[in-house]
Amino acid sequence: MNGTIHNRDTFLSTISTSLGRPVRKEGVVRPAWKHQPQWKVLKDATQDELVEVLKKQCAHIHTDILETSAAHLAEALKQVVDGYGGGQVITWDDPRFEEFGLREEMASDGMDVHVWDPSIGEENIAVAERSNVGITFSDQTLAESGTVVLFSGGGKGRSVSLLPATYIAIIPKSTIVPRITQAAQGIHSRVVAGEKIPSCINFISGPSNSADIEMNLVVGVHGPIKATYIVVEDK
């Protein structure tokens, strides 16, 4: 464990006193729950079936979704960007853009693309603020809720999916899992294995929205006002 935890003993002592038992710092074992229904949701769904679940959920979260092959991904991406009015585009510095040949295609199409560059710090944020389109790949995708999971850090600034007027998530088909249960398990496994995980993990379900006021849904209140998911067959 890195860093210093202040007032930990006092905090734990207060909780233990309220529970009527002494503080336990060792020998704590995770319970083996008899009923674990979270693992049964879409348990036997195929990858194609998960895509269909994702597509249906996107209709509920005001998100456009389309499917394409790796060979036609650049064409589909240009179609969506043009549909959003073009303009400034900002992307992650992610090797998958090169793997799918998108960098070269976007340059040949004349797109004004800024690639997130950690060396220029907050200047990236200024570019994201004035960008019309932000584009990232999804690291994991939750079919049940229509959520893309983004592991930010390094060249993958979180502002890319937050500050532009519109957002596009490219979803490799293999990243689609049933629900948040699998995503949480994956993150937990990495922690247990001692791997360094991203400082920020974003769960994004379509364009920004809120239903805090009288349960009336308002879209586009604190982030992208439109979002599109592009599901692509893996290379």
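Residues numbered from 1 in each chain as written. Predicted model: local features only at pLDDT ≥ 70, side-chain atom pairs only at ≥ 80, totals over all residues. Heavy atoms only, no water.

Asker: Looking at this model, I keep getting lost on the pattern of salt bridges. Mind explaining?
Answerer: Side chains that carry opposite charge are capable of pairing whenever their charged atoms lie near each other. Counted by the stated rule, this structure contains 12 salt bridges. Across the pair Asp-9 and Lys-25 runs a salt bridge whose closest N-O atoms are separated by 2.9 Å. Residue Asp-9 is located in helix α1 (residues 8-19), and its partner Lys-25 is located in the loop between α1 and α2 (47-60); the two are separated by 16 residues in the primary sequence. Judged by relative accessible area, which is 58%, Lys-25 ranks as exposed. The closest approach of N and O atoms between Lys-55 and Glu-67, which form a salt bridge, is 3.0 Å. Note that Lys-55 is positioned in helix α2 and Glu-67 in strand β1 (residues 64-68), a separation of 12 residues in sequence. We classify Lys-55 as partly exposed; its relative accessible area is 30%. Linked by salt bridges that have partners in common, Asp-94, Arg-96, Asp-139 and Lys-156 make up one network. (Salt bridge = Lys/Arg side-chain N within 4 Å of Asp/Glu carboxyl O. Helix = DSSP H or I, 4+ residues; strand = E, 2+ residues; numbered from the N terminus. Buried < 20%, exposed > 50% of the residue type's maximum accessible area, 1.4 Å probe, protein only.)

Asker: Please clarify how the sheet that holds strand β4 (residues 133-137) should be interpreted in this entry.
Answerer: Paired through backbone hydrogen bonds, the strands of a sheet run either parallel or antiparallel to each other. One open sheet accounts for six strands, arranged β1-β12-β7-β4-β2-β3; its pairing is parallel. Of all the strands in the sheet, just β1 and β3 (112-115) have a single pairing partner and so form its edges. Neighbouring strand axes in the sheet, compared pairwise and without regard to direction, differ in orientation by 20 degrees on average. Here five bridges tie β4 to strand β7 (residues 166-172), and the two strands are oriented parallel to one another. Of the residues in β7, the one forming a bridge with Phe-137 is Ile-170. Sitting on the sheet, helix α6 (residues 123-130) is in contact with β2 (88-91) and β3, with an inclination near 130 degrees to β2. (Pairing = 2+ DSSP bridges. Axes fitted to C-alpha atoms, helices over the stretch in contact; angles between N-to-C directions. Contact = heavy atoms within 4.5 Å.)

Asker: Hey, could you run me through helix α7 (residues 180-192) in this one?
Answerer: If you check α7, its first and last C-alpha atoms are 18 Å apart, about what 13 residues at 1.5 Å a residue would give, namely 18 Å. Of the residues making up α7, those classed as buried are Thr-181, Gln-182, Ala-183 and Ile-187. At the exit of α7 stands Gly-194, carrying a positive phi of roughly 80 degrees. (Expected span 1.5 Å × (residues − 1).)

Asker: When you look at unusual backbone geometry in this model, what are you seeing that I'm missing?
Answerer: What you tend to see is this: most non-glycine residues have negative phi, and most peptide bonds are trans. For Asn-7, which is not a glycine, the phi torsion comes out positive at approximately 60 degrees. Residue placement: Asn-7 occurs in the segment before α1. Not every positive phi belongs to a glycine, and His-62 is a case in point at roughly 60 degrees. The partly exposed category is assigned to His-62, whose relative accessible area is 46%.

Asker: Would you explain the environment of Tyr-167 in this entry?
Answerer: For Tyr-167, the position within the fold is in strand β7. Sequence spacing of Tyr-167 and Ser-138 is 29 residues, and the spatial spacing of their C-alpha atoms is 12 Å. Not counting residues up to four positions away in its chain, the partners in contact with Tyr-167 are Tyr-84, Gly-134, Thr-136, Val-148, Leu-150, Val-160, Ser-161, Ile-204, Pro-224, Lys-226, Ala-227 and Thr-228. There is a polar contact of 2.7 Å between the side chain of Tyr-167 and the side chain of Thr-136. (Polar contact = N/O pair within 3.5 Å; in protein donor to acceptor, adjacent residues only side chain to side chain.)

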